[in-house]
Each structure stands twice: as C-alpha cells, then as structure tokens.
Amino acid sequence: MSTEESPREIAILGAGKIGRGVVGLLFSRAGYRLHLYDMYMEGMRKLEAQGYYDVRVTDGHDVDESTRIDDFDIVDSTTDTEAIALLQSVDIAACCVYEGAFKSLARVIAEAVSQRHASGNERDLNILLCVNALGAPAKVVSYIEGELAEEYLAYFREHVGVCQVMVLAAGIPSDPDANPWQVVVSANPGLEIDADAWKGPQLQIESVSFIRGAQGHIYRKVYCGNMRHAMAGFMGKAAGHEFICDCHKDPWIRANIVAAFEEAHAAIVQEYSFDPAEDAEWVEFIYSKLDADVKDPVDRVIAKTDEKLSHDNRFVGPALMCLRHGIVPFYLARGIAYGLDCLAAEQGVELKDDAAVRAYAREICSLGEDEWMLLDLVAKQHADIAFRAAE
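Criteria and cut-off values
Residues numbered from 1 in each chain as written. Predicted model: local features only at pLDDT ≥ 70, side-chain atom pairs only at ≥ 80, totals over all residues. Heavy atoms only, no water. Helix = DSSP H or I, 4+ residues; strand = E, 2+ residues; numbered from the N terminus. Rg over C-alpha atoms; globule rule 2.2 N^0.38 Å. Contact = heavy atoms within 4.5 Å. Lys, Arg positive; Asp, Glu negative; His and termini not counted. Charge placed at Lys NZ, Arg CZ, Asp CG, Glu CD. Buried < 20%, exposed > 50% of the residue type's maximum accessible area, 1.4 Å probe, protein only. Pairing = 2+ DSSP bridges. Right-handed = clockwise from strand over helix to strand, strands pointing away. Core = buried A, V, L, I, M, F, W, Y, C linked by side-chain atoms within 4.5 Å.

A.B. asks: Can you walk me through the overall build of the chain in this structure?
C.D. replies: Scanning the chain from terminus to terminus reveals 16 helices and twelve strands. Relative to the compact-globule value of 21 Å for 391 residues, the chain shows a C-alpha radius of gyration of 22 Å, a close match. Each of the three principal axes of the chain carries a C-alpha extent, and together these read 70 × 50 × 45 Å. Partitioning the contacts of the chain with sequence separation of at least 6, the portion at a separation of at least 24 is 73%. Computed over 36 positive and 63 negative side-chain charges, the separation of the two mean positions in the chain equals 2 Å.

Next up, the structure:
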C-alpha cells in the first residue's frame, strides 16, 4: 500500500450517461477533476469547446436537480498516447464501456502499468468496472495479464485493483430541447465498489460505498433489478406503451414483473450470502423505482434483446438458478417468452406453433437438452401470450 497522497483526479473511460452522468457527477461533487476519454472524438471536441455540461437527476416527481460540471478535460483517443500517460498519473479510472471494449482498454492499462512500474510509481491504481457484465473483473484481469511481461505481473497484482462496481442509477434520454451535452440520470445515483478488490484506503465520497461479496451483488443487480426493467420493456412493447413508467402503471405488467423479481430474488439469496438488513434496503430501493415517472423509452430498454436473452444473462440465468434451488420460474419464463416475441418481430421470424417457439428458444437462449424444464415453461407461457393476444 502506498503512503503517497493520491491526486484528486479520475479518468473516465467511456464518457456516456454512466461515465459523465453518474460517475462524473459523484466525483465532481467531491472535488475531483474529470479526465474524459471516449472514442467519439468529434463529439468530445464539441463538449470541450462548450466547456461545461449539466447533469440532471430526476425521478419525474419531486426530485429534479441540475448540476453544472466544468472541471474536466478531454483525452485524445485517436491514439493510445494520451490515455497511457493519463493512467500513469491518476490513481482511479472508471471503465464505463461495453464488454466489447475490454480487450482494447486492457492493452492501454497494461502499458500504463508497465510504465508506472518502470518510473518507480508505488501508488495504487484502482480500475472501476461500471458495467453490467457478469464476471467482468476476471475477464479484465486476464486480458491485462495477457498483455504484461512476466516482470510486471507481481507489481500489477500488488498495486492494481480491478473492482466490480454496481451503478445505482440509469441514464435517461434528455428532453428534445435540452442542451445536447446534458446528461439525465435517475434519482439517488450511487456506486457500490468491491471492497475485496480495492487497493489502498477507501474513498470517502458521498453516495460511493464499499461492499464485500461483490459477485453476489452484481448477480443480484442483473438477475433481479435489470431483469425486471427489461421485462417491463418486453411486456410494454406488446401492450403498445412508449415509456417504462407507463409499463409500471399497467396493473397486468406490474404484477408480472414484481412476481418475476420475487422469483429471482428468492434464488439469489439462496445462492449468495447477504446481510438481511442491507438486502431489505436494496429491495426497497429497487421497488421505489416502480413509482418513478421518468420518460425512459421502451425501445431503449429492450435494445440488444438477443443479449438479454442469452444463456447466462438476466432471464435464463436467474430462471436456471431458480430451478437449482427448487423454485419454479413461472414468471421468469413469461419474461423470456415476451422477449422472444420482441426479438422475433425484429428479425422477421414467425413463431407460428409450439415447435417453432421451442426451436427459437433453443437458438436464442442456448438451452441444452438437460434444461428441458425451462424450455417447457417458456413454450407454455408463449402459448398463453398468443391466446391472450387472440382474445
């Protein structure tokens, strides 16, 4: 552990709604200078010329606050040079990117780690993975170590923390007449950082906390919270709703997504250990989102439907976990069936009979022969959806 004082700066790798909005807001409030790195350099130069951006936090009701952020600079992403130099000087980097960017960022991080070692920099560097990708820390560590020469591995393992982060907020589209660089996020934004992977003294920043057992927390977030959000979108699309808040107000949709949440949560608390008081507080926080009135478009929420329906993701994953723990994933299977309908409409696939539904579910969800029970449930739920639609 280094005793040197760390600079109050943070590199934000991926300057979108989570990067500039949630991470940028919380660290800016704490007096940190933001270094924004994004592959969209044309846009970043326009933001640089403007010299500021606003973060609006809202629940669509009483909470509606705006913060102007101007203590930032833009990192040139046309080459790796500036990013590598930046990661030699800062001690916190928030990676707010999709999983597909992990390998390229790992290459940049590895080079910066090599140069930190060569220059005698003994301060710790913490990489915050602000992404809903299950197993992300292990993947990123393997990518970084694959880029490092043998002599740098011990330094990396001693001085670099690769930390899963639970982002407790969502990015929401701005109003059409808003400043183009405004970021809107849901109320009560926060970050939960893996305390077991973190190197050095913990940060003391409002709404940034440290937790033990981060793997269970990210699975809980994805399998319960993110699943419910996506299921509201799938069902809302079928009902003709435009915004997620409208889906939450629909009694039929609300009853189904709450029941699916309860199934997934029952399995999660058997799979992982949580502090009961903390878990109850988290559940209350997630339930409070049902009454928010922000205009989050259904089409945005259900984007990348095939990924959401993949084998280990937010529907099939918790459904199979339920079966392992003796819980029938009745409503989770309904969420999968609605999702398959959304994807079939997008791809022009006709699910005309039970055989077609089963074949499509095997293809999209990668369900194996030993997972026939979930496949049966999905097929039955799809038949029920078709019956209801025909009434």
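A.B. asks: Before we go on, may I ask you to explain the pairing of strand S6 (residues 92-95) in this structure?
C.D. replies: Regular strands place their side chains on alternate faces of the sheet. Because side chains alternate across S6, one face comprises the buried residues Ile92 and Ala94, and the other comprises Ala93 and Cys95, equally buried. Examined bridge by bridge, strand S1 (residues 9-13) and S6 share three bridges and lie parallel to one another. Note that in S6 the partner of Ile12 across the bridge is Ala94. Examined bridge by bridge, S6 and strand S7 (residues 125-129) share four bridges and lie parallel to one another. Residue Ala93 lies in a different strand from S7, and its bridge partner there is Ile127. Chirality of the crossover, the property in question, places the unit of S6, helix H4 (residues 102-118) and S7 among those that are right-handed.

A.B. asks: Even after reading the chapter, I still don't get the nonpolar core, so can you show me in this structure?
C.D. replies: One recurring pattern in soluble globular proteins is that nonpolar side chains are buried together. Residues Ile268, Leu309, Phe315, Ile336, Leu340 and Leu374 are the most contacted members of the largest nonpolar core, which totals 65 residues. Those residues in contact with Phe315, other than ones at most four positions away along the chain, are Met227, Ala230, Met231, Phe234, Lys308, Leu309, Leu332, Gly335 and Ile336. If you look at the next biggest cluster of nonpolar residues, it comprises 42 residues, including Ile10, Leu47, Tyr53 and Ala197.

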